Amino acid sequence: MTDNVMMDSSVMAMMCFMMWIGALIVIIVIGITIYMVTRLLMKKSRLEDRPLMLLKERYVKGEISDNEYTRMKKVIADLK
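Residues numbered from 1 in each chain as written. Predicted model: local features only at pLDDT ≥ 70, side-chain atom pairs only at ≥ 80, totals over all residues. Heavy atoms only, no water.

1. Structural notes on the overall build of the chain
Phase 1 of the analysis: Each helix and strand in the chain was counted, giving 2 helices and 0 strands.
Phase 2 of the analysis: Looking at the chain as a whole, 6% of its 80 residues are labelled buried.
Phase 3 of the analysis: In the structure as shown, the chain presents an accessible area of about 7500 Å², 70% of it carried by carbon and sulfur atoms. (Helix = DSSP H or I, 4+ residues; strand = E, 2+ residues; numbered from the N terminus. Buried < 20%, exposed > 50% of the residue type's maximum accessible area, 1.4 Å probe, protein only. Areas by Shrake-Rupley, 256 points an atom, 1.4 Å probe, with all protein chains shown as cover.)

Below is the structure:
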């Protein structure tokens, strides 16, 4: 009788352990997926905004006038 109880508790412990391992794997996969999607979106955003950032830098440094800034900003917006 005691052998059956011991076997049942060890099987139950093994099942709990496997459940935790499975949950951990799911959490890791979800985390990696979120990380990759976020990284991809940020990279795409940086590439699209780069011309506008460079234009703003030139404007702040005084390299271009207000009219040139406005004109170039419209051109960049039309390209998107």
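2. Notes on a nonpolar patch on the surface
Phase 1 of the analysis: Together, Met14, Phe17, Met18, Ile21, Ile25 and Val29 make up an exposed nonpolar region whose accessible area comes to about 600 Å².
Phase 2 of the analysis: Take methionine 14: it is sitting in helix α1 (residues 2–61). (Patch = residues over 30% accessible without salt bridge, like charges linked within 9 Å, V, L, I, M, F, W, Y side chains within 5 Å. Salt bridge = Lys/Arg side-chain N within 4 Å of Asp/Glu carboxyl O.)

3. Digging into the packing of aromatic side chains
Phase 1 of the analysis: With the rule as written, the count across this model stands at 1 aromatic pair.
Phase 2 of the analysis: Between tyrosine 59 and tyrosine 69, the ring centres sit 4.5 Å apart and the planes meet at 25°, which makes this aromatic pair stacked. Of this pair, tyrosine 59 sits in helix α1 while tyrosine 69 sits in helix α2 (residues 66–79), and the two are 10 residues apart along the sequence.
Phase 3 of the analysis: Here tyrosine 69 falls in the buried class, since its relative accessible area comes to 14%. (Phe/Tyr/Trp six-rings, centres within 6.5 Å; stacked < 30°, edge-to-face > 60°.)

4. Brief notes about the pattern of salt bridges
Phase 1 of the analysis: Using the criterion set out here, one finds 1 salt bridge in the structure.
Phase 2 of the analysis: Its salt-bridge partner being glutamate 63, residue arginine 58 comes within 3.4 Å of it at the nearest N-O pair.

5. Some remarks on the nonpolar core
Phase 1 of the analysis: Leu52, Leu55, Ile64, Tyr69 and Ile76 together form the largest nonpolar core, which totals 5 residues.
Phase 2 of the analysis: What isoleucine 76 contacts, discounting residues up to four positions off in sequence, is Pro51, Leu52 and Leu55. (Core = buried A, V, L, I, M, F, W, Y, C linked by side-chain atoms within 4.5 Å. Contact = heavy atoms within 4.5 Å.)

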